[in-house]
Amino acid sequence: SNDEVQDTLKKKLDAQEKHNIKLQSEKLSRENKIRRLEEECTTLKRRLKKSKSQLDSATGGKGIMGNDVELKLETMENALRCPIYRHLWKDTILTRCNHMHSRKA
């Protein structure tokens, strides 16, 4: 009876040790994956910084289209948005006084 209890406890202890080893292995695997992802993130940030620098050099610091074009585009997009719902016009009403309203408004 005493031997059976010791044998049961030894089996439980062995199972717990195996479980602990498995958890440690999973932890190391996750830590390695995190480290690789952090390195990849750093590399991508460097590439992005380099690309931005090359873009600034090529455009004189004015971005892809230049500030004037971007400002005009933003102004035109804002004109095409409903002032109440702030989405692009889809179902519109044009009044006699040339005001535009969304049918939802």
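On a predicted model such as this, the values are computed, not experimentally measured, just so you know. (Residues numbered from 1 in each chain as written. Predicted model: local features only at pLDDT ≥ 70, side-chain atom pairs only at ≥ 80, totals over all residues. Heavy atoms only, no water.)

### With respect to the overall build of the chain
Let me state the cut-off plainly: Numbered from the N terminus, helices here are DSSP runs of H or I no shorter than four residues, and strands are runs of E no shorter than two. Partly exposed describes any residue whose relative accessible area lies between the buried limit of under 20% and the exposed limit of over 50%, with all areas from a 1.4 Å probe on protein chains only and scaled to the type maximum. Whether two residues are in contact is decided by their heavy atoms: any pair within 4.5 Å suffices.
Summing up its helical and strand segments, the chain has two helices and two strands in all. In sequence order, the chain lays out its α and β elements as α-α-β-β. Here the chain holds 105 residues, and 5% of them are scored as buried. Pairs at least 24 residues apart make up 0% of the contacts formed inside the chain by residues separated by at least 6 positions.

### Topic: the confidence of the model for the chain
Just so we agree on the cut-off: Predictor confidence is given residue by residue as pLDDT, running from a minimum of 0 to a maximum of 100.
On average, the chain scores 81 in pLDDT, and the residues at 70 or more come to 72%. Within the chain, the element-level pLDDT minimum falls on strand 2 (residues 100-102), averaging 66, and the maximum on helix 1 (residues 2-59), averaging 91.

### Comments concerning the pattern of salt bridges
Formally: Counted as salt bridges are all cases of a side-chain nitrogen of Lys or Arg within 4 Å of a carboxyl oxygen of Asp or Glu.
Scanning the model with the defined rule gives two salt bridges in all. Here Asp7 and Lys11 are joined by a salt bridge, their closest N and O atoms 4.0 Å apart. Here Lys11 and Asp7 lie together in helix 1, a separation of four residues that amounts to about one turn. Take Asp7: its relative accessible area is 40%, and that puts it in the partly exposed class. We classify Lys11 as exposed; its relative accessible area is 56%. Between Glu31 and Lys27 there is a salt bridge whose closest N-O contact spans 4.0 Å. Placement of both Glu31 and Lys27 in helix 1 is noted, with a separation of four residues, approximately one turn of the helix.

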